[in-house]
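Listed below are the residues making up each chain.
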Amino acid sequence: MGFGTLLWAPFRTLRRNPAPVFGTGLVVQLASAVATAAVFVPFLVLAIGRIESASADDLDAVLSGTIGWLILLALVPIAVGVVAGAFLQGVMVVEVASGTLGEKLGFGALWRRAAGRIGPLIGWTLLVSVVVLAVVALVVGIIVVTALIAPDPVTVLGVVLVVLLLLAGIAVLGAWLGTKLALVPSVIVLERAGIAQSVRRSWQLTTGYFWRTFGLILLVGLIVSTVAQTVVQVPTLGGTILAVILDPTAGATYEAITISTTVISTVLSILIGAIVAVVQAGLIAVIYIDLRMRSEGLDLELERHVEARESGLPPADPFAPPPTGAAAPAGDAAPTWP
């Protein structure tokens, strides 16, 4: 597949089977939004009540406890997002793989096939999340400790500059590792591999195709992010301007327009977020298929599979790793694509 074909392939995937694909992305977004609201809304109501009723002597202790609980509760939506995001990756890999074989699976079939590999997918997503959080915590910790032990503004500014340079290096390293390991979810699902084996396979498949893979991921990310921000921000900005024009005194009309704009923006954010998540996950699956075609002749295996299926012969798994690769983990049966 050429660069242009790969660039628009995830959008065609969404158009080819929109109901189950977009539905899965929407479920993921709604699950994250509901989990966040269910955790934070009652807590914020309770916390505001406690802060307002606290005496001056107890206010510092109440604020400290509130912040501590806020940090702990933030783990709940993060956990939901990890599980939902991993599942979306699995669904999109199955959808793209099915499309290469001329199949069009429904919502239930996609979910059942993806569910079989949800364990390793969650494990990989958690591993990546822990690494990212550790890096963020390290950088924040350096800044906080410096501010505490070196109150001199010049020293703090110097440390901040060093941290910014460190962040630039981390960003470059993260982009490199993220590209080399981008195919891990696809390998986990389609090759039924464990996390360690999937890391090796992703590294192997992207060797010699780093800049092509990086360019596709970056370009599609910029396209969908720009479109998403435009679609979401235009109603928000328009509502704000309209509210100021119709009710410059911030009365009842201003509040009504503001509430309506917030609701519309929230709904749009969920819908656009679902599309963005689906397109980005689909792109990785398409890149995986393309790289296996280039380096391992996967296109020939897919042709043989379709011919065998049409001839009534029992088709083998076309996405199994090549014989020279590592074998699938024992006890993990290969999927069938009837």
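Definitions and limits used
Residues numbered from 1 in each chain as written. Predicted model: local features only at pLDDT ≥ 70, side-chain atom pairs only at ≥ 80, totals over all residues. Heavy atoms only, no water. Helix = DSSP H or I, 4+ residues; strand = E, 2+ residues; numbered from the N terminus. Buried < 20%, exposed > 50% of the residue type's maximum accessible area, 1.4 Å probe, protein only. Contact = heavy atoms within 4.5 Å. Phe/Tyr/Trp six-rings, centres within 6.5 Å; stacked < 30°, edge-to-face > 60°. Core = buried A, V, L, I, M, F, W, Y, C linked by side-chain atoms within 4.5 Å. Expected span 1.5 Å × (residues − 1). Arc of directions from axis to C-beta. Salt bridge = Lys/Arg side-chain N within 4 Å of Asp/Glu carboxyl O. Patch = residues over 30% accessible without salt bridge, like charges linked within 9 Å, V, L, I, M, F, W, Y side chains within 5 Å. Areas by Shrake-Rupley, 256 points an atom, 1.4 Å probe, with all protein chains shown as cover. Lys, Arg positive; Asp, Glu negative; His and termini not counted. Charge placed at Lys NZ, Arg CZ, Asp CG, Glu CD.

Engineer: Got a minute to help me understand the overall build of the protein in this structure?
Structural biologist: Per the secondary structure count, the protein includes 12 helices and zero strands. Put simply, the protein runs from its N terminus to its C terminus through helices and strands in the order α-α-α-α-α-α-α-α-α-α-α-α. Per-residue burial for the protein yields a buried fraction of 35% across its 338 residues. Considering only contacts in the protein between residues 6 or more positions apart, those separated by 24 or more positions represent 77%.

Engineer: Even after reading the chapter, I still don't get the packing of aromatic side chains, so can you show me in this structure?
Structural biologist: The geometry of an aromatic ring pair comes down to the distance between the two centres and the angle between the two planes. Within the structure shown, the criterion is met by four aromatic pairs. The interplanar angle of 85° and the centroid separation of 5.2 Å between the aromatic rings of Trp 176 and Trp 203 together place this pair among those described as edge-to-face. Taken together, the positions of Trp 176 in helix 7 (residues 153-180) and Trp 203 in helix 9 (residues 195-206) put the pair 27 residues apart, joining distant regions of the chain. Residue classification places Trp 176 among the partly exposed positions, given a relative accessible area of 36%. The class of Trp 203 is partly exposed, set by a relative accessible area of 31%. Considering the side-chain rings of Trp 211 and Phe 214, the 5.9 Å spacing of their centres and the 85° angle between planes classify their relative orientation as edge-to-face.

Engineer: Quick question: what am I supposed to make of the nonpolar core here?
Structural biologist: Counting 46 residues, the largest nonpolar core has Leu 183, Val 189, Leu 190, Ile 287, Tyr 288, Ile 289 and Phe 319 as the members making the most contacts within it. Those elements that place two or more of their residues in this core are helix 1 (3-16), helix 4 (75-100), helix 5 (107-115), helix 6 (118-149), helix 8 (184-190), helix 10 (210-246), helix 11 (252-296) and helix 12 (298-310). The element contributing the most residues to this core is helix 11, with 11 residues. With sequence-adjacent residues up to four places away left out, Tyr 288 is seen in contact with Leu 183, Ser 186, Val 187, Leu 190, Glu 191, Leu 205 and Phe 319. One finds Leu 14, Val 28, Met 92 and Ala 281 within the second-largest nonpolar core, a separate group that totals nine residues.

Engineer: Quick question: what am I supposed to make of helix 9 here?
Structural biologist: In this model helix 9 runs 17 Å from its N-terminal to its C-terminal C-alpha over 12 residues, within 8% of the 16 Å that 1.5 Å per residue would give. Gln 197, Ser 198, Arg 201, Ser 202, Leu 205 and Thr 206 are the residues of helix 9 that are buried. Seen end-on, helix 9 carries its buried residues on one side only, within an arc spanning 155°. Residue Gly 208 follows helix 9 closely and has a positive phi angle near 90°.

Engineer: Even after reading the chapter, I still don't get helix 11, so can you show me in this structure?
Structural biologist: Residue pairs three or four apart in sequence face the same way in an α-helix, which turns once every 3.6 residues. If you check helix 11, its first and last C-alpha atoms are 65 Å apart, about what 45 residues at 1.5 Å a residue would give, namely 66 Å. Of the residues trailing helix 11, Gly 297 is marked for its positive phi of about 65°.

Engineer: What exactly am I supposed to notice about the pattern of salt bridges here?
Structural biologist: It is possible for side chains of opposite charge to pair when their charged atoms get near one another. Evaluated as defined, the whole model comprises six salt bridges. With a closest N to O distance of 2.7 Å, Glu 191 and Arg 201 form a salt bridge. Of this pair, Glu 191 sits in the loop between helix 8 and helix 9 while Arg 201 sits in helix 9, and the two are 10 residues apart along the sequence. Assessed through its relative accessible area of 2%, Glu 191 is described here as buried. You can call Arg 201 buried: its relative accessible area is 5%. Taking the shortest distance from any N to any O, the salt bridge between Asp 290 and Arg 212 comes out at 3.9 Å. Of this pair, Asp 290 sits in helix 11 while Arg 212 sits in helix 10, placing them 78 residues apart in sequence.

Engineer: What is the right way to look at unusual backbone geometry in this model?
Structural biologist: Glycine aside, residues mostly have negative phi, and peptide bonds are mostly found in the trans state. Although it is not a glycine, Arg 192 sits at a positive phi angle of roughly 55°. Position of Arg 192 among the secondary structure elements: in the loop between helix 8 and helix 9. What makes Arg 192 buried here is its relative accessible area of 14%.

Engineer: Can you help me understand a negative patch on the surface in this one?
Structural biologist: A contiguous patch of negative charge on the surface is contributed by Asp 299, Glu 303, Glu 307 and Glu 310. Looking at the secondary structure, you find Glu 303 in helix 12. Overall, the relative accessible area of 45% leaves Glu 303 in the partly exposed class.

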